[in-house]
Structures are given as C-alpha cells and as structure tokens.
Amino acid sequence: MPKFDYDLNYAELDLRAQPELYRVGRGEQGVLLVQPYKGEILPHWRFATPDVAQESSKAIFALFEAYLKDGDFVGADMARKFLQMGFTRARRYANHKGGKKYDGPVPDDKKGQSGAHGRAELPRQPEDPVKAESARIFKAKWDEAEANEDYARLKKEHRAKYG
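Residues numbered from 1 in each chain as written. Predicted model: local features only at pLDDT ≥ 70, side-chain atom pairs only at ≥ 80, totals over all residues. Heavy atoms only, no water.

Peer 1: Before we go on, may I ask you to explain helix α5 (residues 149-162) in this structure?
Peer 2: Since the α-helix turns once every 3.6 residues, residues separated by three or four places project in the same direction. Compared with an ideal rise of 1.5 Å per residue, which puts 14 residues at 20 Å, α5 spans 20 Å between its outermost C-alpha atoms and is within 8% of the ideal. For α5, the elements touching its buried residues are α2 (50-69), α3 (73-95) and α4 (129-146). One side-chain oxygen of the residue at the start of α5 lies 2.8 Å from the amide nitrogen of Asp150, identifying that residue as Asn148. Looking one or two residues beyond α5, the residue adopting positive phi is Gly163, at roughly 100 degrees. (Helix = DSSP H or I, 4+ residues; strand = E, 2+ residues; numbered from the N terminus. Expected span 1.5 Å × (residues − 1). Contact = heavy atoms within 4.5 Å. Polar contact = N/O pair within 3.5 Å; in protein donor to acceptor, adjacent residues only side chain to side chain.)

Given below as structure tokens:
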C-alpha cells in the first residue's frame, strides 16, 4: 500500500480536482491536510459529549454518503478518516485526561504526523465514561463506512488507477 505523501503542499492543492495525487495511507494519515475536504468536514467534527458525538458523526456520515453518490472517493475516504479520528480522539480523552497521551512535545520535524516519535506514553487514567460513549458512537459510524460496498469498490478502483 503506498504511503500518504506528506511532501505535497496540501495548502495549495485541491484534491477534488487532482484525485490522482491522493494516497489513502494508513489510518487517519492526512486527515487534517487534504483540501477542500478538511474545510468541508472539520467544522462538523466534535466529540465532547455523546449528544455532540451523535450529531457530529451523523453529519460526517451524511457527507461520506454524498461523496459516494458523486463518485468522489477522496472525499468519502476523508470523511471515513474523520469518523476514525472521532473514535481515536475520544478514546484518547477517555484514557488520558486532557487528551495528552505522550510525555513532551512533538518533534518539529514530525508535526502533523501521528505517533509517539520516541516519546514515552503517559500512564492511563480511570476511564471517562462520557468520552468512552462518544468513542463508541464514532466507532459505529466508522464501521458502517468501512463496510459500505460502494466505498470498498471506489477504494479498489482508486488504488488500481493511481497506486
């Protein structure tokens, strides 16, 4: 599987117009970079409470379905990444008060990339049940997106065409 290309200048690119530049990568890679999708999806992304997570995940899933209807794999995949990120971030806040998982700052050359980057993981704290429920809500929508047959078909076509 080709890696997400962090070397592209995403601030200057429109990947709706240039889908050939998009690589799925792993997990949530590029979720906060790829335009115009970041600008379209990010305003809906919230997980502070289960009610907020429910509203947010429904809005993002509606965008996912709209992108699929338009045959826009990149948009659908970006919406899927935001659903995944809703789950992972809510889980992080469920396990680590304030959401801080690693000790110390992100190294300058790794900003915008996920991972420990050599930092120690902080100990987990007692689970926050509110954030855990928000995570469960996002996980259900993420699973629904991953199971969508149209999404799977477009993903396969995109990879076959562009790598």
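Peer 1: Got a minute to help me understand unusual backbone geometry in this structure?
Peer 2: Residue Pro36 is bonded to the preceding Gln35 through a cis peptide linkage, with omega at 10 degrees. Its place among the elements puts Pro36 in the segment before α1 (37-41).

Peer 1: What exactly am I supposed to notice about the nonpolar core here?
Peer 2: With 35 residues, the main nonpolar core has Tyr22, Val34 and Met78 as its most contacted residues. Mapped onto this core, the elements with two or more residues apiece are α1, α2, α3, α4 and α5. Of the residues forming this core, the biggest block, 10 residues, is contributed by α3. (Core = buried A, V, L, I, M, F, W, Y, C linked by side-chain atoms within 4.5 Å. Buried < 20%, exposed > 50% of the residue type's maximum accessible area, 1.4 Å probe, protein only.)

Peer 1: What is the right way to read the pattern of salt bridges from this model?
Peer 2: Should the charged atoms of two oppositely charged side chains come close, the side chains can pair. Following the criterion strictly, the structure yields 12 salt bridges and no others. With a closest N to O distance of 2.7 Å, Glu133 and Arg136 form a salt bridge. Residue Glu133 and its partner Arg136 are located together in helix α4, separated by 3 residues, close to a single helical turn. Its relative accessible area of 28% is what places Glu133 among the partly exposed residues. Taking the relative accessible area as the measure of exposure, Arg136 reaches 46% and is therefore partly exposed. (Salt bridge = Lys/Arg side-chain N within 4 Å of Asp/Glu carboxyl O.)

Peer 1: In this structure, what is going on with the environment of Arg89? I would like to understand it.
Peer 2: You can see Arg89 is positioned in helix α3. As for Arg89 and Lys156, which are separated by 67 residues in sequence, their C-alpha atoms are 27 Å apart. Among residues more than four places away in sequence, those in contact with Arg89 are Glu28, Trp45 and Phe47.

Peer 1: I tried to follow the packing of α3 against α4 on my own but got confused; where do I start?
Peer 2: What describes two packed helices is the angle between their axes and the distance between those same axes. Where α3 contacts α4, the axes come no closer than 8 Å and their chain directions differ by 155 degrees. Between α3 and α4, the interaxial angle falls into the category roughly antiparallel. When you trace α3 past α4, the crossing you get is left-handed. Only Lys131, Ala132, Ser134, Ala135, Phe138, Lys139, Lys141, Trp142, Ala145 and Glu146 of α4 make contact with α3, whose side of the interface consists of Arg80, Phe82, Leu83, Gln84, Gly86, Phe87, Ala90, Arg91, Tyr93 and Ala94. By residue class, the composition of the contact of α3 with α4 is 11 nonpolar, 3 polar and 6 charged. (Axes fitted to C-alpha atoms, helices over the stretch in contact; angles between N-to-C directions. Parallel < 35°, antiparallel > 145°, perpendicular 65-115°, else oblique. Left-handed = near helix turned anticlockwise from the far one by under 90°. Nonpolar A, V, L, I, M, F, W, Y, C, P; charged D, E, K, R; others polar.)

Peer 1: How should α3 be read in this particular structure?
Peer 2: In this model, α3 (23 residues) spans 33 Å end to end at C-alpha, consistent with the 33 Å of a helix rising 1.5 Å per residue. Extensive coverage of α3 is indicated by the burial of 18 of its 23 residues. Near the N-terminus of α3, the side chain that reaches the backbone nitrogen of Val74, with its oxygen 3.3 Å away, is that of Asp72.

Peer 1: Help me understand the packing of α2 against α3, please; the structure alone is not making it clear to me.
Peer 2: Closest axis-to-axis distance for the α2/α3 pair is 8 Å, and the angle between their directions is 160 degrees. The angle between the axes of α2 and α3 places the two elements in the roughly antiparallel class. Note that α2 runs across α3; the crossing there is left-handed. The residues of α3 that touch α2, namely those facing Ser57, Ile60, Phe61, Phe64, Tyr67 and Leu68, are Gly75, Ala76, Ala79, Arg80, Phe82 and Leu83. Grouping the constituent residues of the contact of α2 with α3 by class yields 9 nonpolar, 2 polar and 1 charged.

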